[in-house]
There are 2 protein chains.
Amino acid sequence: MKKLINDPSKVVVEALKGMEAAHGDLIKVSYEPAFISRKEPPKKGKVAVISGGGSGHEPMHGGFVGLGMLDAACPGEVFTSPTPDQMEAATKAVDAGAGVVHLVKNYTGDIMNFQMAADICAADNIKVETVVIADDVAVEDSLYTAGRRGVGSTVLTEKIIGASAERGDPLEAVVKYANYCKDNGRSMGIALSSCTLPAVGKPIFEIGDDEIELGVGIHGEPGRERIKIKTANELMAMLFEPVAQDLSLKQGDEIVLFVNGMGGTPLIELYILYNAAFELANKKGVKVVRNLVGNYITSLEMQGFSVTIMKANADIVKLWDAPVLTPALRWGI
Amino acid sequence: MKKLINDPSKVVVEALKGMEAAHGDLIKVSYEPAFISRKEPPKKGKVAVISGGGSGHEPMHGGFVGLGMLDAACPGEVFTSPTPDQMEAATKAVDAGAGVVHLVKNYTGDIMNFQMAADICAADNIKVETVVIADDVAVEDSLYTAGRRGVGSTVLTEKIIGASAERGDPLEAVVKYANYCKDNGRSMGIALSSCTLPAVGKPIFEIGDDEIELGVGIHGEPGRERIKIKTANELMAMLFEPVAQDLSLKQGDEIVLFVNGMGGTPLIELYILYNAAFELANKKGVKVVRNLVGNYITSLEMQGFSVTIMKANADIVKLWDAPVLTPALRWGI
């Protein structure tokens with residue numbers, strides 16, 4: 001194993017220190033229990049939005065804490081759910097009296113631990129609403145997941161409901177947008193290579209020199225099938241079509257198109273893939289109104305990519321365009 | 001070779017198409033000869049800043065075209081210098097009567113071809129000033145380079161002189177800042193793995209499962225030595241110290257600290273490395289006034305990182321903080 005780390009047991013805490021040192025103008029870090037929150041204290045009466053999950057998917061979620069996006073993020077150990085005390089502490093730290101949204105990716109540990117934290121906070125009279133993202137069309141049920149896995153839609157949802165909360169929407173409205181995103185975003189991914197957990201020291205799966213895993217999960221969970229590698233255009237079509245079909249995309253629809261790298265994929269390849277996806281959308285008469293291309297929900301050094309499509313409308317585009325100022329996403333400010 | 005491409009000979013053009021489709025609000029692409037320029041035509045009387053070089057280092061340089069940074073970028077084939085007709089066309093397209101700065105990384109082909117283009121443009125009464133960045137302290141002379149290689153300082157320089165040009169500084173002032181950056185920025189890198197050129201199909205060098213290349217170049221050029229992998233803190237010290245020494249960094253100095261991923265390094269590791277660099281700076285009594293952490297000057301899917309230190313002062317910080325709106329860097333707007 002070749003990794004740029006000091007000690008497998010200190011990966012998360014040292015990365016948090018690095019984030020705090022680099023982005024201390026935007027965020028602050030609590031270490032016990034671990035959560036990242038905005039540098040500025042919460043604005044009275046603003047709905048708070050919290051997410052979290054295993055580490056190793058950076059910049060998600062900690063890189064999305066800041067104005068116009070998350071109020072706090074709870075990082076677990078690598079590929080491991082955060083614990084309920086993290087969500088509880090984060091929720092209590094950022095609650096500003098208007099309610100808190102827990103945005104949770106559909107993994108059994110995350111669901112269970114966020115639920116425990118929500119119950120504790122509810123007992124303390126904090127109103128918590130939980131929305132679960134389960135957007136990966138590759139498979140039903142999986143390692144760690146009953147139903148579909150939660151993947152790339154989470155990033156888009158954090159941006160959209162973060163903007164809703166920031167402009168002062170009440171809890172019901174923020175939850176309504178979260179449910180919109182949950183219902184209208186779908187994803188699927190491909191891996192060319194595996195990745196290695198620092199604490200384990202060997203790849204989490206084996207894959208041949210000419211093979212890809214079609215429909216891989218962000219923790220290396222198996223997808224639909226193991227196939228020979230194809231061209232970028234062919235591979236993009238193998239993801240784009242099932243995603244579009246699941247969304248019943250039709251001519252005239254407007255979408256946010258997100259091509260995401262898994263961590264080890266060169267940006268030059270992501271642009272080739274984006275070109276392929278954009279052309280597929282054009283062929284269907286689907287209008288790409290906004291896009292995102294880059295490494296935003298990763299799996300350590302895994303090579304591969306995913307595509308996320310979210311149906312959009314004027315309301316969603318307005319929230320997408322709203323100012324955001326986080327370590328990983330910033331515009332309009 | 002597993003790559004997300006369609007045809008090795010179309011990698012650059014298809015990536016340019018993807019960039020244009022994704023960032024058409026900011027940039028436009030000329031295909032023959034190939035260059036990326038800002039969507040808006042140049043503002044009369046503004047000094048233009050152009051860079052370029054081989055592809056495979058994305059987002060550099062095309063991702064840095066936009067308000068407050070570059071006016072145009074010329075992408076060569078992967079790891080190959082762009083041709084003089086590209087620089088000539090780009091220079092003529094963005095010249096707004098106030099002169100053009102060619103910011104060139106120190107590689108023999110880049111130097112030669114930018115010089116030919118500058119000569120042609122000069123004959124057409126366009127005033128071109130060339131500044132060569134040669135900031136890599138690892139080795140003197142190298143494959144493709146007489147003297148030191150040009151690496152990470154280029155990114156910081158593009159930001160700083162782009163801001164100078166944007167606020168209306170005359171050519172001499174923009175060149176003065178470019179020379180400041182050239183004199184006050186130094187870098188060094190480490191590779192954990194090689195990378196594969198699409199047109200070649202096999203790794204450009206071999207490296208053992210427990211080895212790193214200390215002082216590697218961005219095209220995989222050999223560095224100082226091949227050593228066994230060490231901890232992140234140790235490796236960062238092996239880069240930070242020679243860079244700091246070359247800059248004669250002393251207590252009380254202010255710096256911009258840039259920890260750069262080579263393309264295949266997970267962001268979580270870059271934050272661990274940033275933490276190490278930040279602590280080394282603190283120990284020396286050197287103040288990190290601004291920073292950048294991420295994949296900005298890459299080598300395809302290479303795993304590894306580089307550190308760049310640039311001495312700063314109030315003037316440089318003001319230019320750093322100025323608004324920038326490009327595909328890869330954006331703030332203040």
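Position numbers for residues count from 1 along each chain, tracking the sequence in the order it is written. Chain A is the first chain written and ligand 1 is the first ligand written, with later ones labelled in order. Given that the model is predicted, a residue must reach a pLDDT of at least 70 before its local features are reported, and side-chain atom pairs must reach 80 or more before they are shown or counted; all residues, however, enter totals for whole chains, interfaces and linings. Side-chain numbers come from the whole structure's heavy atoms, not from hydrogens or water.

Next up on the list: the packing of aromatic side chains. Pairing of aromatic rings covers Phe, Tyr and Trp, the last through its six-membered ring, and needs centres within 6.5 Å; plane angles under 30 degrees mean stacked, over 60 mean edge-to-face, and all others mean tilted. Applying the stated rule across the entire model yields 7 aromatic pairs over all chains. With a centroid separation of 5.4 Å and 50 degrees between ring planes, the pair formed by B:Trp320 and B:Trp331 is classed as tilted. One end of the pair, B:Trp320, is in helix H8 (residues 314-321); the other, B:Trp331, is in strand E14 (residues 330-331), and 11 residues separate them in sequence. What links up through ring pairs into an aromatic cluster is the set B:Phe64, B:Phe258 and B:Tyr296. A ring has a charge above it when a Lys NZ or an Arg CZ is no more than 6 Å from the ring centre and no more than 35 degrees off the ring normal. One residue, A:Lys176, lies across the ring of A:Tyr177, its end atom 4.8 Å from the ring centre. The way it works is that DSSP assigns letters per residue, a run of H or I at least four long becomes a helix, a run of E at least two long becomes a strand, and they are numbered from the N terminus.

Reported here for the second largest pocket is a volume of approximately 1,200 Å³. Every residue lining the second largest pocket is counted, 39 residues in all, and those nearest its centre are A:Ser193, A:Gln303, B:Ser193, B:Ser194 and B:Gln303. Definitions used for this entry: grid spacing 1 Å over protein atoms alone; cavity, a set of points where a 1.4 Å probe fits but cannot get out; pocket, an open set with protein on both sides within 12 Å along at least 5 of 7 lines; lining residue, one with an atom within 4 Å of a point. Grid points are joined across faces, edges and corners, and a volume is the space filled by probe spheres set on the points.

This brings us to the pairing of strand E11 (residues 287-294) of chain A. Residues and elements named next belong to chain A. Most of E11 is tucked away, with 6 of its 8 residues classed as buried. Strands qualify as paired when DSSP identifies two bridges or more between them. With 7 bridges connecting them, strand E10 (residues 254-261) and E11 associate as parallel partners. Bridge assignment links isoleucine 255 to a residue of E11, and that residue is valine 288. As for the winding sense of the linkage, the β-α-β connection from E10 through helix H7 (residues 267-283) to E11 is right-handed. Each residue gets one of three labels from its accessible area relative to the maximum for its type: buried under 20%, exposed over 50%, partly exposed in between, using a 1.4 Å probe on protein chains only. If you view a crossover with the strands going away from you and the path from the first strand over the helix to the second runs clockwise, you call it right-handed.

A word on the sheet that holds strand E2 (residues 34-38) of chain A. Residue and element names in this part refer to chain A. Strand order across the open sheet formed by 6 strands is E1-E2-E4-E3-E5-E6, with mixed pairing between neighbours. The outermost strands of the open sheet, each flanked by one partner alone, are strand E1 (27-31) and strand E6 (128-133). Averaged over all adjacent pairs, the angle separating strand axes in this sheet is 20 degrees, with direction ignored. Here 5 bridges tie E1 to E2, and the two strands are oriented antiparallel to one another. Across the sheet, the residue bridging to lysine 28 is serine 37, located in E2. Contacts between residues were defined by any pair of non-hydrogen atoms, one from each residue, lying within 4.5 Å. For helices, the fitted line uses only the C-alpha atoms of the stretch in contact; every axis is such a line through C-alpha atoms, and the angle between N-to-C directions lies from 0 to 180 degrees. Of the strands in this sheet, E1, E2, strand E3 (48-55) and strand E4 (72-78) touch helix H1 (residues 11-23), which is tilted by about 155 degrees from E1.

A word on helix H2 (residues 84-94) of chain A. Of all the residues in H2(A), the buried ones are A:Pro84, A:Gln86, A:Met87, A:Glu88, A:Ala90, A:Thr91 and A:Val94. Here the buried face of H2(A) lies against E2, E3, E4, strand E5 (100-105), helix H3 (108-123) and E6 of chain A.

Moving on, we get to the environment of A:Pro33. All names here are of chain A. By the secondary structure assignment, proline 33 is in the loop between E1 and E2. The exposure class of proline 33 is partly exposed, given its relative accessible area of 21%. Considered as a pair, proline 33 and threonine 83 are 50 residues apart in the sequence and their alpha carbons are 8.7 Å apart. If sequence neighbours within four positions are ignored, proline 33 has contacts with Asp85, Gln86 and Ala89.

Alignment of copies: least-squares fit on C-alpha atoms of residues with pLDDT of at least 70 in both copies. With an RMSD of 0.0 Å, chain B superimposes on chain A once it is rotated by 180 degrees and translated 0.0 Å along the axis. Both chain copies can therefore be described as sitting about a two-fold axis. Within chain B, the C-alpha atom positioned nearest to the axis of rotation is that of B:Gly264, 2.0 Å from it.

This part takes up the sheet that holds strand E10 (residues 254-261) of chain B. Residue and element names in this part refer to chain B. Read across the open sheet, the 6 strands follow the order E9-E8-E7-E12-E10-E11; overall the sheet is mixed. Each having just a single partner strand, strand E9 (225-228) and strand E11 (287-294) make up the two edges of the open sheet. Going across the sheet, the axis of each strand differs from the next one's by a mean of 20 degrees, ignoring polarity. Lying on the sheet, helix H7 (residues 267-283) is in contact with E10, E11 and strand E12 (304-311); it crosses E10 at an angle near 155 degrees.

Residues and elements named next belong to chain A. As far as domains go, chain A holds domain 1 (8-184) and domain 2 (185-318). Counting residues at the interface gives 37 residues for domain 1, matched by 39 residues for domain 2. Throughout, the accessible surface (probe 1.4 Å) given up by two parts as they are put together, summed over both, is called the buried area. Carbon and sulfur atoms supply 63% of the area that domain 1 and domain 2 bury against each other, a total of about 3,100 Å² over both sides. Within this document, salt bridges are pairs made up of a side-chain nitrogen of Lys or Arg and a carboxyl oxygen of Asp or Glu, the two lying within 4 Å of each other. Along the contact surface separating domain 1 from domain 2 lie 1 salt bridge. Put simply, aspartate 246 and arginine 148 hold a salt bridge, and the shortest N to O gap is 2.7 Å. For the purposes of these results, a polar contact is taken to be a pair of N or O atoms within 3.5 Å, where, inside protein, one atom must be able to donate a hydrogen and its partner to accept one; residues adjacent in sequence count only when each atom of the pair is a side-chain atom. At the boundary of domain 1 with domain 2, the tally comes to 17 residue pairs in polar contact (both at pLDDT 80 or more). The set of elements that each furnish at least two residues to the side of domain 1 that touches domain 2 consists of helix H4 (153-166) and helix H5 (171-184). The leading source of residues in the side of domain 1 that touches domain 2 is H5, at 6 residues. What counts as a domain boundary in this text is fixed by an automatic or database domain assignment.

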